[in-house]
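# Structural characterization, general
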Amino acid sequence: QVQLVESGGGLVQAGGSLRLSCAASGIIFSIHDMGWYRQVPGKERELVADITSIGSTNYADSVKGRFTISRDNAKKTVYLQMSSLKPEDTAVYYCNADILTGGIRRDVYWGQGTQVIVSS
């Protein structure tokens, strides 16, 4: 009954900017931590950034100073603002969220992934 839907991926030139969004829908009582991960072929999925329900954030060293994670609790949405993009940022980006559904169940959900390609 809960879905995470990502948007904003695409093709961008090195040095450019892109904003990813991920909206949760369904019967949701509350959302705890939310985050963004990315994965490239042959590599493990890695954490890019995450944010707690009260706004505390952390980032992978490779994106510090370039990416900003934020959330809008009223819209049940998490964002990833990416700037100064590099070709090595190319990956499939996934959002996830720790969600309490219907006031009873609490589980971690994943989006379907959105492709980001940074060209040189």
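A short tour of the structure in this document, coming up.

Conventions and cut-offs
- Residue numbers restart at each chain and count upward from 1, following the sequence in its written direction.
- Per-residue local features of the predicted model are confined to residues with pLDDT of at least 70, and side-chain atom pairs are confined, for both listing and counting, to 80 or more; whole-chain, interface and lining totals are unaffected and use all residues.
- Calculated side-chain values reflect all of the structure's heavy atoms, with hydrogen atoms and water omitted.
- Salt bridges are identified by distance alone: a Lys or Arg side-chain nitrogen within 4 Å of an Asp or Glu carboxyl oxygen.
- For every residue, the accessible area (1.4 Å probe, protein chains only) is compared with the maximum for its type, and the residue is labelled buried under 20%, exposed over 50%, or partly exposed between those bounds.
- Here, two cysteine sulfur atoms that lie within 2.5 Å of each other are counted as a disulfide.
- Secondary structure counts use DSSP, requiring at least four H or I residues in a row for a helix and at least two E residues in a row for a strand, with both numbered from the N terminus.

This paragraph deals with the pattern of salt bridges. With the rule as written, the count across this model stands at six salt bridges. Of the charged contacts, one joins Asp98 and Arg106 as a salt bridge, the two residues approaching to 2.8 Å between their closest N and O atoms. Note on Asp98: relative accessible area 16%, which makes it buried. For Arg106, a relative accessible area of 47% corresponds to the partly exposed category. Bridged by salt links that share partners, the residues Arg38, Glu46, Arg66 and Asp89 form one connected network.

The next subject is the state of the cysteines. The bond known as a disulfide is covalent and runs between the sulfur atoms of two cysteines. Enumeration over the complete set of coordinates arrives at one disulfide. A sulfur-sulfur distance of 1.9 Å marks the disulfide that ties Cys22 to Cys95. Because the sign of the S-S torsion sets the handedness, a value of about 45° for the bond joining Cys22 and Cys95 places this disulfide among the right-handed ones. With Cys22 in strand 3 (residues 18-25) and Cys95 in strand 9 (residues 91-101), this pair connects stretches of sequence that are 73 residues apart. Across the pair, exposure class does not vary: Cys22 and Cys95 are buried alike.

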